[in-house]
Amino acid sequence: MADPYERESLTVAVADSRNWTDLMRRLGLKKSGGQRRVLQEKVAGHGLDTSHFRQRSPWRKYPDADIADAVASSSSLREVVTKLGAPPASGTLSRPGSTSATSPG
């Protein structure tokens, strides 16, 4: 089996892939965070263009300037999320005292 990190293998696979997960599948790599980081380093090292990859991070919906403005004018993560127009997630945003270092325990 050819080395999946060779420039030739990566060039074709990157061009045909929609995202990092798709690229890993095409190369026959195990889907793990460590494997993905190595792959990202190899792709970057070869200077391959991944700008066509779809972004999955919900924060990529918002321009950096909007995120910076929301953070600068907020006093909590819930406030940042609300200012960006995103629905607040459950968990620590709903119960901020539950993870606080000053919570009685």
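These numbers were taken from a predicted model, which means no experiment stands behind them.

A. The overall build of the chain, seen in detail. Secondary structure assignment for the chain yields five helices and zero strands. Its helices and strands taken in sequence order, the chain reads α-α-α-α-α from the N to the C terminus. Taken across its 105 residues, the chain has 25% of its residues classed as buried. Contacts in the chain between residues at least 24 apart in sequence constitute 40% of all its contacts with a sequence separation of at least 6.

B. Structural detail: helix α2 (residues 20-27). Buried within α2 we find Trp20, Asp22, Leu23, Met24 and Leu27. Tucked into the core, α2 has its buried residues touching α1 (7-16) and α3 (33-45). Sitting at the amino-terminal end of α2 is Asn19, which places a side-chain oxygen 3.2 Å from the backbone nitrogen of Thr21. Directly after α2, the chain includes Gly28, whose backbone phi takes a positive value near 75°.

The rules behind each value
Residues numbered from 1 in each chain as written. Predicted model: local features only at pLDDT ≥ 70, side-chain atom pairs only at ≥ 80, totals over all residues. Heavy atoms only, no water. Helix = DSSP H or I, 4+ residues; strand = E, 2+ residues; numbered from the N terminus. Buried < 20%, exposed > 50% of the residue type's maximum accessible area, 1.4 Å probe, protein only. Contact = heavy atoms within 4.5 Å. Polar contact = N/O pair within 3.5 Å; in protein donor to acceptor, adjacent residues only side chain to side chain.

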